[in-house]
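For reference, the chains in residue letters:
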Amino acid sequence: MANDLDDKLEKWLSAVEQKYDLTAEQKSKITGAGAAVFAEALKKNTPVSSEHYNSGRSVGHTNWKHNERPRKTKHLRESITFKPGFTSGKIHSGNTTVGFDSKYQAMVARYVNNGTAGMSPKEVKNMHFIEKSQLESKNAVLKAEAKAFKEVIK
């Protein structure tokens, strides 16, 4: 009797897997829709500093690599990026990674998100903005992905 149930469940699972075996392009449409929603929530929750980023802020050292000019950077909010269907390793698997433009921006975001020693009350208040964004956007991301999934399987 238990073998009959096992066989039926195995058949059902294989039927579901065959029906919804999605290609990387189909997955990228679904995960891209969710990534767009999460990126907007992350932009909304990314803390704003008192720096002015209108023309870029000078960072780093002046050296020959930058024509003796300081490098320019932009605010974390403007550096949030994703490419539907691609992971952070630039692999086209259908999964979508939301992240920051450069290693420098990712490092700054990690310090702001996780905190450092000797933080001000404002910095403590801004901690864990990435986790806050994940919690706030969870339902909206799932709804966007479900809508995209329904369009893909039609």
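Further up the page is the structure itself.
What you see is a predicted model, and the numbers here were worked out from it, not measured in a lab.

1. With respect to the overall build of the protein chain
Part 1 of the reasoning: When helices and strands are counted, the protein chain shows 5 helices and 4 strands.
Part 2 of the reasoning: Reading the helices (α) and strands (β) of the protein chain from amino to carboxyl end gives α-α-β-β-β-β-α-α-α.
Part 3 of the reasoning: Of the roughly 11,200 Å² of accessible surface on the protein chain, a fraction of 54% belongs to carbon and sulfur atoms.

2. Quick word on the nonpolar core
Here is a general trend for soluble globular proteins: nonpolar side chains tend to be buried in one another's company.
Part 1 of the reasoning: Counting 9 residues, the largest nonpolar core consists of Phe38, Ala39, Leu42, Leu76, Ile80, Phe100, Ala109, Phe129 and Val141.
Part 2 of the reasoning: Secondary structure elements with two or more residues in this core: helix H2 (24–45) and helix H5 (129–153).
Part 3 of the reasoning: In terms of residue count, H2 provides more of this core than any other element does, 3 residues in total.
Part 4 of the reasoning: Here Phe38 is in contact with Val98, Ile130, Ser133, Gln134, Ser137 and Val141, once residues within four sequence places are set aside.

3. Looking at helix H3 (residues 103–114)
Part 1 of the reasoning: If you check H3, its first and last C-alpha atoms are 16 Å apart, about what 12 residues at 1.5 Å a residue would give, namely 16 Å.
Part 2 of the reasoning: Of the residues flanking the end of H3, it is Gly115, one or two places downstream, whose phi is positive at about 90°.

4. Some words on the side chain of Ser133
Part 1 of the reasoning: Tracing the backbone shows Ser133 in helix H5.
Part 2 of the reasoning: What makes Ser133 buried here is its relative accessible area of 0%.
Part 3 of the reasoning: The contacts of Ser133, once residues within four sequence positions are left out, are Phe38, Ala41, Leu42 and Asn45.

5. A look at the packing of H2 against H5
Part 1 of the reasoning: Where H2 meets H5, the closest approach of the two axes is 7 Å, and the angle between their N-to-C directions is 150°. Looking at the two axes, H2 sits roughly antiparallel to H5. For the crossing formed where H2 meets H5, the hand is right-handed.
Part 2 of the reasoning: Here the contact of H2 with H5 is composed, by residue class, of 14 nonpolar, 7 polar and 5 charged.

6. Considering the packing of H3 against H5
Part 1 of the reasoning: Following both chains from N to C, one finds H3 and H5 inclined at 85°, their axes separated by 7 Å at the closest point. Viewed along their axes, H3 and H5 adopt a mutual orientation that is roughly perpendicular. Contacts between H3 and H5 involve Ala109, Val112 and Asn113 on the former and, on the latter, Phe129, Ile130 and Glu131.
Part 2 of the reasoning: Among the residues making up the contact of H3 with H5, the classes are represented as 4 nonpolar, 1 polar and 1 charged.

7. Here we look at the pattern of salt bridges
Part 1 of the reasoning: If you walk through the whole model with that rule in mind, you get 1 salt bridge.
Part 2 of the reasoning: Note that Glu136 is salt-bridged to Lys44, the shortest N-O span being 3.1 Å. A residue pair is termed long-range when its members are at least 10 positions apart, and Glu136 in helix H5 and Lys44 in helix H2 qualify at 92 residues.

8. Considerations on the environment of Thr46
Part 1 of the reasoning: Among the secondary structure elements, Thr46 is positioned in the loop between H2 and strand S1 (57–59).
Part 2 of the reasoning: Under the relative-accessibility criterion, Thr46 is labelled buried at 0%.
Part 3 of the reasoning: For Thr46 and His128, which are 82 residues apart along the polypeptide, the C-alpha to C-alpha distance reads 9.6 Å.
Part 4 of the reasoning: Setting aside chain neighbours within four positions, we find Thr46 in contact with His75, Leu76, Arg77, Ile80 and Phe129.
Part 5 of the reasoning: Of note is the side chain of Thr46, whose polar atom sits 2.5 Å from the backbone oxygen of Leu42.

9. Let's talk about unusual backbone geometry
Part 1 of the reasoning: For His128, which is not glycine, the phi dihedral falls at a positive 65°.
Part 2 of the reasoning: Considering the arrangement of structural elements, one finds His128 in the loop between helix H4 (121–125) and H5.

Conventions we followed
- Residues numbered from 1 in each chain as written.
- Predicted model: local features only at pLDDT ≥ 70, side-chain atom pairs only at ≥ 80, totals over all residues.
- Heavy atoms only, no water.
- Helix = DSSP H or I, 4+ residues; strand = E, 2+ residues; numbered from the N terminus.
- Areas by Shrake-Rupley, 256 points an atom, 1.4 Å probe, with all protein chains shown as cover.
- Core = buried A, V, L, I, M, F, W, Y, C linked by side-chain atoms within 4.5 Å.
- Buried < 20%, exposed > 50% of the residue type's maximum accessible area, 1.4 Å probe, protein only.
- Contact = heavy atoms within 4.5 Å.
- Expected span 1.5 Å × (residues − 1).
- Axes fitted to C-alpha atoms, helices over the stretch in contact; angles between N-to-C directions.
- Parallel < 35°, antiparallel > 145°, perpendicular 65-115°, else oblique.
- Left-handed = near helix turned anticlockwise from the far one by under 90°.
- Nonpolar A, V, L, I, M, F, W, Y, C, P; charged D, E, K, R; others polar.
- Salt bridge = Lys/Arg side-chain N within 4 Å of Asp/Glu carboxyl O.
- Polar contact = N/O pair within 3.5 Å; in protein donor to acceptor, adjacent residues only side chain to side chain.

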